[in-house]
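# Chain and residue survey
These are the residues of each chain, in order.
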Amino acid sequence: GAVVSQHPSRVICKSGTSVKIECRSLDFQATTMFWYRQFPKQSLMLMATSNEGSKATYEQGVEKDKFLINHASLTLSTLTVTSAHPEDSSFYICSARALWNEQFFGPGTRLTVL
Amino acid sequence: AQSVSQHNHHVILSEAASLELGCNYSYGGTVNLFWYVQYPGQHLQLLLKYFSGDPLVKGIKGFEAEFIKSKFSFNLRKPSVQWSDTAEYFCAVNAGRDDKIIFGKGTRLHILP
């Protein structure tokens, strides 16, 4: 089946630094990828939709300057959390939409900001 | 805007009991509906989906769900649960041409051995 990977799986950083998370579709092309955030024991909240070759579409309340998204190719999207603060600590999950319209989820990246 | 509500936040059952998890969505047009499962420490997996056709959808691991359009519901069922079904279950909706999948808050299922 289609596989989506995320790197890193865990990251710990100091407050004020930036962190980049990669999302890759390993065996299929994805013109659209999605970034979600999941707080402990809560649901996935959609942050933004990432389209290859164009600007991401952010959900209401998500700061586009803080969460930079780049979808440089049909198999890679990156999320950069800029000037991270402890409240940004969360589980970030990406998904990739295949050409046959099914979405596949990555394993997630746990970000801890000290 | 689309929304999804799951009625049960935490369900505890004994093995072999029957399961039904409620899910309702709000959207007036054509929808695609999903149930995802997240086992402890693992990532989301698709249990089943409804795009069109037979409203009774069968998924993996003995799960099924029924789409009732008049009730805006897509409840998940399993006749006899196992300890290994302990997980969090998310109902999700994707409306019409919209690519976005919107998730419910999830139901934490705990099966007693």
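These notes cover the structure that comes with them. (Residues numbered from 1 in each chain as written. Chains lettered and ligands numbered in written order. Predicted model: local features only at pLDDT ≥ 70, side-chain atom pairs only at ≥ 80, totals over all residues. Heavy atoms only, no water.)

## Quick look at the sheet that holds strand β1 (residues 4-7) of chain A
Residue and element names in this part refer to chain A. The line we're drawing: Strands were regarded as paired on the criterion that DSSP finds at least two bridges between them. Helix and strand definitions follow DSSP, with helices as H or I runs of at least four residues and strands as E runs of at least two, each counted in order from the N terminus. Orientation is described by lines fitted to C-alpha atoms, with helices fitted over the stretch in contact, and by angles between N-to-C directions that extend from 0 to 180 degrees.
Strand order in the open sheet made by the four strands is β1-β3-β8-β7, with antiparallel pairing throughout. Two strands lie at the open edges of the sheet, namely β1 and β7 (67-73), each paired on one side alone. Put simply, the sheet's adjacent strands are angled 15° from each other on average, direction ignored. As defined by bridge partners, β7 adjoins strand β8 (residues 76-81) across five bridges and the pair is classed as antiparallel. By the bridge assignment, L68 is partnered in β8 with T80.

## So, the pattern of salt bridges
Worth spelling out the cut-off: Put simply, a salt bridge is a Lys or Arg side-chain nitrogen that is within 4 Å of an Asp or Glu carboxyl oxygen. The classification of residues rests on relative accessible area computed with a 1.4 Å probe and restricted to protein chains. Under 20% of the type maximum is buried, over 50% is exposed, and intermediate values are partly exposed.
What the rule picks out here adds up to nine salt bridges over all chains. A salt bridge links D88 of chain A to K66 of chain A; the shortest N-O distance between them is 2.9 Å. Taken together, the positions of D88 of chain A in the loop between β8 and β9 (90-97) and K66 of chain A in the loop between β6 (57-58) and β7 put the pair 22 residues apart, joining distant regions of the chain. As far as the burial class goes, D88 of chain A and K66 of chain A line up, both buried. Of the charged contacts in the structure, one is a salt bridge between E66 of chain B and R77 of chain B, with a shortest N-O distance of 3.3 Å. One end of the pair, E66 of chain B, is in strand β8 (residues 64-68); the other, R77 of chain B, is in strand β9 (residues 73-78), and 11 residues separate them in sequence.

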